[in-house]
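Residue-level structure breakdown
Residues per chain, in single letters:
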Amino acid sequence: MAEGLYTKRNDGRKMDEIRPMSAKVGIVPSADGSASFDTGGTKAIAVVRGPRTLHPQHMQNPKTGILRVSYGMMPFSVEDRIRPGPSRRSEEISKVSEWALSSVVDLSEFPNTVVDVFIQIPQADAGTRVAGINAAAMALAHAGIPMTEMISAIGVGKIDKTLVVDLDKYEDSEYHDGEGSTDIPVVITSRSKKVALLQLDGKISIPELKQCIENAKVACEKILKVQTEALKNINGDNENDK
Ligand code: ADP
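Each chain has its residues counted from 1, running along the sequence as written. Where local features are concerned, this predicted model is filtered to residues with pLDDT of at least 70; where side-chain atom pairs are given and counted, the filter is 80 or more; whole-chain, interface and lining totals use all residues. Just so you know, side-chain values use all the structure's heavy atoms and leave hydrogens and water out.

**Considering the overall build of the chain**
A tally of helices and strands in the chain yields four helices and 10 strands. With C-alpha atoms as the basis for the radius of gyration, the globule rule is written as 2.2 Å multiplied by the number of residues raised to the power 0.38. Here the C-alpha radius of gyration of the chain, 18 Å, is about what a compact globule of 242 residues would show, namely 18 Å. Principal-axis analysis of the C-alpha atoms gives the chain an extent of 60 × 35 × 35 Å. Counting only residues that meet the buried cut, the chain has 48% of its 242 residues in that class. For this analysis, residues touch if any pair of their heavy atoms sits within 4.5 Å. Contacts in the chain between residues far apart in sequence, at least 24 positions, make up 68% of those at least 6 positions apart. Note on areas: Shrake-Rupley with a 1.4 Å probe; residue coverage comes only from the protein chains shown. For the chain, the accessible surface area stands at approximately 11900 Å², while carbon and sulfur atoms represent 51% of it. In this count, Lys and Arg are taken as positive residues and Asp and Glu as negative ones, while His and the chain termini are left out. One atom stands in for each charge, and that atom is NZ of Lys, CZ of Arg, CG of Asp or CD of Glu. Considering the chain, the positive charge centre built from 30 side chains and the negative charge centre built from 33 side chains are found 4 Å apart. Segments assigned H or I by DSSP are reported as helices when at least four residues long, segments assigned E as strands when at least two residues long, and all are numbered from the N terminus. Relative accessibility thresholds used throughout: buried, under 20% of the residue-type maximum; exposed, over 50%; partly exposed, between the two (1.4 Å probe, protein chains only).

Below is the structure:
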């Protein structure tokens, strides 16, 4: 590889290629809704419980139900064991996932209730928050929670001077040549094509960022197809290599 220039991806993918994806709905029969979403070495599962009356009572909203998201990585989801329980990172990811999902969930028919979404990552190779959001959106739809539209999520970004889609762990954290790497998780709504979440970790110019958002929109169309297929085919497998 030319020094400082990222011309060939570690795993041979094209710069705009998503890792092989698969999705499944109805993986936890006792839950109100459940789904899994995998990309490459990253696996996410999401379980939905509710709407249930929210306790303590002083937290209830008489005008609407509330969405509560909890994200966690399993202890052996990465090579080094992760300490179970909340961390600053898991709290942040829970909150941003809650914001993204809240932009399409309408709980006005369920005052004083809570809908809980539990996202767990059994295996991590970067992009866990976006895989978790993809799984959670499917699990909410499976639970019959009213949604104005679906959402799909992808990590896009820049490695040295090259724009890429769906960074893996090597690209996200282990590539330090040239300008290093910039990871941008993006969430796109299915119909209005709005950006429901964008986080930026690194350095990028405004024209490059605009191109990254366009790349995310194209990738999210492909992800939406996988999510929709899985929802049509509840309890079945849905594999896709694009
Ligand atoms: P995301 O998983 O959404 O890309 P980060 O950018 O924070 O979120 O993390 C990138 C990747 O780094 C994770 O997907 C995982 O593979 C790895 N990782 C995160 N936290 C840890 C940790 N505590 N120990 C080892 N690896 C971790």
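**Notes on the pairing of strand β9 (residues 195-198)**
Of the strand pairs in this sheet, strand β8 (residues 181-189) and β9 are connected by three bridges, and their pairing is antiparallel. Note that in β9 the partner of Val187 across the bridge is Leu197. For two strands to be treated as a pair, DSSP must find no fewer than two bridges joining them. Hairpin geometry of β8 and β9 is characterised by an intervening segment of five residues between the two adjacent antiparallel strands and by a positive phi of about 55 degrees at Lys193.

**Things to note about the site of the ligand**
The ligand sits among 13 residues. The nearest are Arg89, Ala126, Gly127, Thr128 and Arg129. N or O atoms closer than or at 3.5 Å make up a polar contact, with two conditions inside protein: a donor-capable atom paired with an acceptor-capable one, and, for residues adjacent in sequence, both atoms drawn from side chains. Measuring from an oxygen atom of the ligand, one finds a side-chain N or O atom of Arg89 at 2.7 Å. Between the ligand and the protein, one listed contact pairs an oxygen atom with a side-chain N or O atom of Thr128 at 2.5 Å. For the ligand, the protein covers 75% of the area, taking 540 Å² as the surface of the free molecule. Under the convention adopted here, Pro, Cys and the residues Ala, Val, Leu, Ile, Met, Phe, Trp and Tyr are nonpolar, Asp, Glu, Lys and Arg are charged, and Gly plus all remaining residues are polar. For the shell around the ligand, a count of residues per class yields five nonpolar, two polar and six charged. Being near a molecule or strand, for a residue, means having at least one of its heavy atoms within 4 Å of it.

**Some words on the side chain of Ser97**
The topology assignment puts Ser97 in helix α1 (residues 88-102). The contact partners of Ser97, leaving out residues within four places of it in the chain, are Val69, Ile119 and Ile133.

**Here we look at the pairing of strand β1 (residues 21-25)**
Looking along a regular strand, one sees the side chains alternate between the two faces of the sheet. Across the five residues of β1, four count as buried, placing the element largely inside the fold. As defined by bridge partners, β1 adjoins strand β2 (residues 33-39) across five bridges and the pair is classed as antiparallel. Paired with Ser22 across the two strands is Asp38, which belongs to β2.

**Focus: the sheet that holds strand β7 (residues 162-165)**
The strand order across the open sheet built from four strands is β7-β6-β8-β9, with neighbouring strands paired in antiparallel fashion. Both outer strands of the open sheet, β7 and β9, are each paired with one neighbouring strand and no more. Averaged over all pairs of adjacent strands, the angle between strand axes in this sheet comes to 25 degrees, irrespective of strand direction. Relative to β8, strand β6 (residues 151-159) runs antiparallel, the two being bridged by nine bridges. Axis definition: a line fit to C-alpha positions, over the contact stretch in the case of helices; interaxial angles, taken between N-to-C directions, run 0 to 180 degrees.

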